[in-house]
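Close look at the chain arrangement
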Amino acid sequence: MVGERGQGFGFAPSQDVPIPYLQRIRDYYQALGYGAPYQWAHYAEVPFQPLLKPLTQCRVAIVTTAAPFQPGKGDQRAGAPYNAAAKFYSVYSGDTARDPDLRISHVAIDRLHTTGEDMATYFPLAQLRRAVAAGDVGALAPRFHGAPTNRSHRTTLEADCPELVRRCRADGVDAAILVPNCPVCHQSLSLAARALEESGIVTVLMGCAKDIVEYIGVPRFLFSDFPLGNAAGRPNDPDSQAFTLDLALSLLEQAPAPRTTVQSPLRWSEDPDWKLDYCNIERLTPEEIERRRAEFNQGKAQAKALRDEAGVASSSEATTAMSSLLP
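These numbers come from a predicted model, not from an experiment.

**Comments concerning the overall build of the protein chain**
Helix and strand counts for the protein chain come out as seven helices and 10 strands. Each of the three principal axes of the protein chain carries a C-alpha extent, and together these read 60 × 55 × 40 Å. Looking at the protein chain as a whole, 54% of its 327 residues qualify as buried. Accessible area of the protein chain: about 13800 Å², with a carbon and sulfur share of 51%. Across the protein chain, 33 positive and 38 negative side-chain charges occur, with their mean positions spaced 5 Å apart.

What follows is the structure in structure tokens.
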């Protein structure tokens, strides 16, 4: 609510600010009974590569944390509960000439306020094709790339990021658009953006977790104050999706320095109370906390089995309180 002194001045409600994910998640997992809080990546210096030619002459790639649909791996439909069985633990690539079936049931999106029903809200391939057809972008890279949401900094930095750089360079990419979904996705793709930029590939990250991205430090960040899972626009709203991508493309060209953040003016809702729900321990009953703890442990066991199957070594980082992020 707006305080008495703010009445008549048009002040926004105090909760109408970007969700403080770092603090919310820390409090959430400590309340669930887990120990030392997760250590997020954090840098003082940020690499920055200016665009050396017009965007109309550039080849642009998409990097996503969405997962290809996997039959037999449980419920992955829009609005499905968190599904650790659908996770992936190594970089993959797909053909941009085809329409992939990518899902986000494996990550901790905001399941209370969005569903993942429209792939275009988290994978802007259709809008990037539009930009190429309009002549605003020179070419679409032949492949898009999927980055796993590894919680191990070592695995992300020493395995996933170099592989993403290798694949983008092999495709002759000039610039990359990175679109994360869950909190850890924002970390994984922030680290990927830094690695790509250091290799000479210009990047822009489109995300919804402002504090996480800015704490890590990226070259360019387009922030949409939307529920997690909607970094590329509102569901079933092509106009908002086109507007959001156009902002990201403008940022690729016009950012003057590293750590440039642009906030989209689009609003999810006129009522900002949705921002009070995600991982907010103060809104959960003791019974719900206990249920989520049991769900957390089950998801952690599934994720460990998948890591073992994929040959991804566990680390002390990956076995802390955030071994799995369940909303």
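**Here we look at the environment of Ser 240**
Turning to its location among the elements, Ser 240 is positioned in helix 6 (residues 238–254). A polar contact of 2.9 Å, which involves the side chain of Ser 240, links it to the backbone nitrogen of Arg 234.

**What to know about the packing of helix 3 (residues 153–170) against helix 4 (residues 183–198)**
Running from amino to carboxyl end, helix 3 crosses helix 4 at an angle of 50°, the nearest separation of the two axes being 9 Å. Taken together, the axes of helix 3 and helix 4 are oblique relative to one another. As for the relative orientation of helix 3 and helix 4, their crossing is right-handed in sense. Residue-level inspection shows His 153, Thr 156, Leu 157, Cys 161, Leu 164, Val 165 and Cys 168 of helix 3 in contact with helix 4, the latter providing Gln 187, Ser 188, Leu 191, Ala 192, Ala 195 and Leu 196.

**As for the pairing of strand 10 (residues 260–263)**
Bridge analysis of strand 9 (residues 220–223) against strand 10 gives four bridges, and the strand direction is parallel. Paired with Arg 220 across the bridge in strand 10 is Thr 260. For the segment spanning strand 9, helix 6 and strand 10, crossover handedness is left-handed.

**A short note on the nonpolar core**
Within the largest apolar cluster, 87 residues are counted, with the highest numbers of intra-cluster contacts made by Tyr 21, Leu 55, Val 60, Ile 177, Leu 178, Met 206 and Leu 249. Ignoring anything within four residues of it in the chain, the contact list for Met 206 reads Ile 177, Leu 178, Val 179, Pro 180, Leu 222, Ala 231, Ala 232, Thr 244, Leu 245 and Ala 248.

**Side note on the environment of Pro 50**
Its place among the elements puts Pro 50 in the loop between helix 1 (21–31) and strand 1 (59–64). A C-alpha to C-alpha distance of 33 Å links Pro 50 and Tyr 38, two positions 12 residues apart in sequence.

**Quick notes on the side chain of Ser 190**
The topology assignment puts Ser 190 in helix 4. Taking the relative accessible area as the measure of exposure, Ser 190 reaches 0% and is therefore buried. Those residues in contact with Ser 190, other than ones at most four positions away along the chain, are Leu 205, Val 213, Ile 216 and Val 218.

**Some details on the confidence of the model for the protein chain**
Keep in mind that low pLDDT regions are not for reading the predicted coordinates in detail. Per-residue confidence for the protein chain gives a mean pLDDT of 91; residues scoring 70 or more make up 91%. Low pLDDT (under 50) marks residues 314–327, which in the prediction has 51 contacts with non-local residues, meaning those over four places away or in another chain.

**Let's talk about the packing of aromatic side chains**
Counted by the stated rule, this structure contains nine aromatic pairs. Clustering of aromatic rings is evident, with ring pairs tying together Phe 88, Tyr 92, Phe 123 and Phe 144. We note Arg 293 situated over the ring of Tyr 34; from NZ or CZ to the ring centre the distance is 4.8 Å.

**Notes on the pattern of salt bridges**
Within the structure shown, the criterion is met by 20 salt bridges. The closest approach of N and O atoms between Arg 98 and Asp 95, which form a salt bridge, is 3.9 Å. Arg 98 gets classed as exposed once you look at its relative accessible area, which sits at 61%. Here Arg 267 ties to Glu 270 by a salt bridge, and the two come within 3.8 Å at their closest N and O atoms. Classification of Arg 267 as partly exposed rests on a relative accessible area of 33%. On the basis of relative accessible area, Glu 270 is assigned to the exposed category, the value being 67%. One salt-bridge network, held together by shared partners, links Asp 16, Asp 225, Arg 267, Glu 270 and Lys 275.

**With respect to the pairing of strand 7 (residues 175–179)**
Of all five residues that make up strand 7, five are buried, and the element is covered over most of its length. Every second residue of strand 7 is oriented toward a common face, with Ala 175, Ile 177 and Val 179 on one face and Ala 176 and Leu 178 on the other, all of them buried. Relative to strand 7, strand 1 runs parallel, the two being bridged by five bridges. Of the residues in strand 7, the one forming a bridge with Val 60 is Ala 175. Of the strand pairs in this sheet, strand 7 and strand 8 (residues 202–207) are connected by four bridges, and their pairing is parallel. Each residue of the ladder has a partner; that of Ala 176, found in strand 8, is Thr 203. In this fold, the crossover linking strand 7 to strand 8 by way of helix 4 has right-handed handedness.

The rules behind the values
- Residues numbered from 1 in each chain as written.
- Predicted model: local features only at pLDDT ≥ 70, side-chain atom pairs only at ≥ 80, totals over all residues.
- Heavy atoms only, no water.
- Helix = DSSP H or I, 4+ residues; strand = E, 2+ residues; numbered from the N terminus.
- Buried < 20%, exposed > 50% of the residue type's maximum accessible area, 1.4 Å probe, protein only.
- Areas by Shrake-Rupley, 256 points an atom, 1.4 Å probe, with all protein chains shown as cover.
- Lys, Arg positive; Asp, Glu negative; His and termini not counted.
- Charge placed at Lys NZ, Arg CZ, Asp CG, Glu CD.
- Polar contact = N/O pair within 3.5 Å; in protein donor to acceptor, adjacent residues only side chain to side chain.
- Axes fitted to C-alpha atoms, helices over the stretch in contact; angles between N-to-C directions.
- Parallel < 35°, antiparallel > 145°, perpendicular 65-115°, else oblique.
- Left-handed = near helix turned anticlockwise from the far one by under 90°.
- Contact = heavy atoms within 4.5 Å.
- Pairing = 2+ DSSP bridges.
- Right-handed = clockwise from strand over helix to strand, strands pointing away.
- Core = buried A, V, L, I, M, F, W, Y, C linked by side-chain atoms within 4.5 Å.
- pLDDT = per-residue confidence, 0-100.
- Phe/Tyr/Trp six-rings, centres within 6.5 Å; stacked < 30°, edge-to-face > 60°.
- Lys NZ or Arg CZ within 6 Å of the ring centre and 35° of its normal.
- Salt bridge = Lys/Arg side-chain N within 4 Å of Asp/Glu carboxyl O.

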